[in-house]
Amino acid sequence: MTQFVQTSSSRTLNNTVQDHYIPAEAPFSTVVKKGQILRIEDSYGQQAIDTLFYNAKDFSERYSSQDTMREQGVAYISTGTKILSSEGRVMATMTADTCGRHDTSAGACSCESNTVRFGHGTKYLHACRDNFVIEVSKHGMSKRDVAPNINFFMNVPIASDATMTIVDGISAPGDYVELQAEMDVLMVISNCPQINNPCNGFDPTPIRVLVWNDER
Amino acid sequence: MHIRRSEEEIAANRARYEEHQRQGLNATPKALPGKSEKPAPAIADDHIIHRETIPGGWYWSTRVKANEVLRISLDEGLSTLSLIAWNAADTTERLNLPDTVKVQWTTGLAKGRVIFSDMGRVMFSIVEDSCGAHDVLMGGSTASSNAKKYAGANGPALRNTRDNFVLLATKAGLDKRDIPAALALFAPVRVDADGKFLWKPELVSEGDYVDLRAEMDMIVGFSNCPHPLDPNPVYAPTAVTVTRVAAIEPAMDDLCRTATPEAVRGFENNAFVAL
């Protein structure tokens, strides 16, 4: 395990309000309250962390990749990005990022898209969309609620000629992002199980999620 | 405790990926045709099921059956037409742009490409396309994007794509949770090295058209509102024509069904579900 890096003198490993180790390939969800600081850590490096946000008080309002990209005028997610909802409201703001590039245009892997992309022989491999469906189902939602997501630590450059490809992740062990919630949000994660492309270095690994109270 | 995969397994999976990648980034683009010729070829009157002229700012939705073609044409000037779609038989299956661009290794949809649902099946084939300049990333306008863009012009009261989609989804028995990320046709958006969106007006002109062949029975929704990046400071979308054309069974060597290994596998998924 890597050394803990402090981004604020008041936030330490001793005063978290949530601290979760998420196994490789597993789904996860938790509520982060307005003002709280959330850290998502890529503990072993090169691990795509597929993430969705829902308004905790009204799940019909959810993360919108298109609103988020449109409002910032840029296709990638990094420090300063405002995570926007389908209602155009700010759900969270990204306040720290030791990696520098995160995707929100390539979506989540699924058994079905894997067959198209990598061949029918990859159908029976665990996939992010199944993780998302299992996890949102715990909150009364279904496949129709699984919107296009953020892929933290996934490197998907889009070229000027429009080509796009998933390339090796640039995150090192212990890299993290921090977001401050701007409303109470349900965060749903799929710790990506994909082994057919480089988004997880072909070897999915565990991650960690930490939450601190608002220090404002 | 996490057990790492073996070096051998990692190397084998990487080699397989790199072979797909070579095909997707190099061989496939070279094999695709260029843009369709203008003007658009005429459609015989007895093949036209319906022709709709969607006024600027408005929405329209239609059912469409497999193998019918929707011709979308800029007959009256420039505009952006945003599109969403659901499988008519199971509306939980819907347009999925992240999958569409990821599996085809490009955000540049053009003639010869296909458009996927979230279930690994092909919804549309782009059988003709005179511009190949469409936006898959930014989606359509919203009340707040109009308010910002058309400040001083009563921006919030101008019609926008988000509200249009809420309306047409509701009238199809669905609701706002069912609205997928939208494809903006005739929106010449490209991305620079830093990920910044650029508007390339030279890529689209009056008379441009796209023929989308339906590959399953669907409900298709359209919104005709200016794209958020459209530099025109005046809200002035022109009407867009959508012509629904009678079904013709594609040939065995049909371009869109054979152009890429990904499309071939997508159509295999279509065929399997149709059994």
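Refer to the structure above for everything that follows.
Basis of the calculations
Residues numbered from 1 in each chain as written. Chains lettered and ligands numbered in written order. Predicted model: local features only at pLDDT ≥ 70, side-chain atom pairs only at ≥ 80, totals over all residues. Helix = DSSP H or I, 4+ residues; strand = E, 2+ residues; numbered from the N terminus. Rg over C-alpha atoms; globule rule 2.2 N^0.38 Å. Buried ≥ 20, exposed ≤ 12 C-beta atoms within 10 Å, placed from the backbone. Contact = placed C-beta atoms within 7 Å. Pairing = 2+ DSSP bridges. Nonpolar A, V, L, I, M, F, W, Y, C, P; charged D, E, K, R; others polar. Expected span 1.5 Å × (residues − 1). Bend = angle between axes of the 7 residues up to and from the residue. Axes fitted to C-alpha atoms, helices over the stretch in contact; angles between N-to-C directions. Parallel < 35°, antiparallel > 145°, perpendicular 65-115°, else oblique.

Bringing the overall build of chain A into the picture now. Assigned secondary structure in chain A consists of three helices and 13 strands. Since a compact globule built from 216 residues should have a radius of gyration of about 17 Å, the 16 Å found for chain A is in line with a globular shape. Based on the C-alpha atoms only, the size of chain A along its principal axes is roughly 50 × 40 × 40 Å. Looking at chain A residue by residue over its 216 residues, the buried ones come to 54%. Of the contacts formed within chain A by residues at least 6 apart in sequence, a portion of 74% connects residues at least 24 apart.

Attention now goes to the overall build of chain B. Within chain B, the regular secondary structure consists of six helices and twelve strands. By the compact-globule yardstick of 19 Å for 275 residues, chain B fits well, its C-alpha radius of gyration being 19 Å. In chain B, which comprises 275 residues, the proportion classed as buried is 50%. For chain B, restricting intrachain contacts to residue pairs at least 6 apart in sequence, the fraction spanning at least 24 positions comes to 76%.

Residues and elements named next belong to chain B. Of all eight residues in strand S6 (residues 122-129), seven are buried; the element is thus mostly enclosed. Pairing between strand S5 (residues 114-116) and S6: three bridges, direction antiparallel. Within S6, the residue paired with valine 114 across the bridge is serine 125. Following S5, the chain reverses through five residues before pairing antiparallel with S6; glycine 120 in that reversal takes a positive phi of roughly 70 degrees. The sheet contact formed by S6 and strand S10 (residues 209-214) spans five bridges and is antiparallel. Paired with phenylalanine 124 across the two strands is alanine 214, which belongs to S10.

Taken together, the 43 residues of chain A in the interface contact 47 residues of chain B. Counting only elements with at least two residues in the side of chain A that touches chain B, the list comes to helix H1 (65-72) and helix H2 (111-118) of chain A. Ranked by residue count, the leading element in the side of chain A that touches chain B is H2(A), at six residues. A per-class count over the side of chain A that touches chain B returns 16 nonpolar, 19 polar and eight charged.

Looking now at unusual backbone geometry. Across the junction of Lys38(B) and Pro39(B), the peptide omega takes the value 0 degrees, indicating a cis bond. Looking at the secondary structure, you find Pro39(B) in the loop between helix H1 (7-31) and strand S1 (48-54). In this structure, Ala162(A) is a non-glycine residue whose phi angle is positive, near 85 degrees. Looking at where Ala162(A) falls in the secondary structure, it is placed in the loop between strand S10 (150-152) and strand S11 (175-181). According to the C-beta neighbour criterion, Ala162(A) is buried, with 21 such atoms within 10 Å. In the Ramachandran plot, Trp105(B) falls in the positive-phi region, its phi being about 65 degrees despite a non-glycine side chain. Classification of Trp105(B) by C-beta neighbours within 10 Å gives buried; the count is 23.

With that out of the way, let us pick up the environment of Pro33(B). Residues and elements named next belong to chain B. For proline 33, the position within the fold is in the loop between H1 and S1. Separated by 68 residues in the primary sequence, proline 33 and valine 101 place their C-alpha atoms 18 Å from one another. Residues contacting proline 33, with those up to four places away along its chain left out, are Lys111, Gly112 and Leu255.

Once that is clear, we can look at H1(B). A rise of 1.5 Å per residue sets the reference length of H1(B), with its 25 residues, at 36 Å; its end C-alpha atoms lie 35 Å apart and thus fit the reference within 8%. The sharpest bend along H1(B) measures roughly 35 degrees and falls at Gly24(B).

Between H2(A) and helix H6 (residues 261-274) of chain B, the least distance of the axes is 7 Å, while the angle of their chain directions is 135 degrees. What the angle tells us is that H2(A) and H6(B) run oblique. Along its contact with H2(A), which presents Thr115(A), Val116(A) and Arg117(A), the element H6(B) presents Glu262(B), Arg265(B), Gly266(B) and Asn269(B). For the contact of H2(A) with H6(B), a count of residues per class yields one nonpolar, three polar and three charged.

What follows is about the environment of Met164(A). Of note, Met164(A) is situated in the loop between S10 and S11. Using a count of 25 C-beta atoms within 10 Å as the deciding quantity, one classes Met164(A) as buried. Residues Met164(A) and Trp212(A), spaced 48 residues apart in sequence, show a C-alpha to C-alpha distance of 36 Å. When neighbours within four sequence positions are excluded, Met164(A) is seen to be in contact with Val156(A), Pro157(A), Ile158(A), Val101(B), Trp105(B), Thr106(B) and Thr107(B).

What holds strands together in a sheet is hydrogen bonding between their backbones, with the strands either parallel or antiparallel. Residues and elements named next belong to chain B. Taken in spatial order, the four strands of this open sheet run S2-S11-S4-S7, and their pairing is antiparallel. Two strands lie at the open edges of the sheet, namely strand S2 (59-64) and strand S7 (183-185), each paired on one side alone. Ignoring strand direction, the axes of neighbouring strands in this sheet form an average angle of 25 degrees. By the bridge criterion, six bridges tie S2 to strand S11 (residues 218-224) in an arrangement that is antiparallel. Note on S11: the bridge partner recorded for tryptophan 60 is phenylalanine 222. Helix-sheet contacts for helix H4 (residues 161-171) involve S2, strand S4 (81-87) and S11, and the interaxial angle to S11 is about 150 degrees.

All right, on to the pairing of strand S12 (residues 240-245) of chain B then. All names here are of chain B. With five of six residues buried, S12 lies mostly within the body of the structure. Taken together, the five bridges between strand S3 (residues 69-73) and S12 define a ladder with antiparallel strand orientation. Residue pairing for S12: serine 73 is matched across the bridge by threonine 241.

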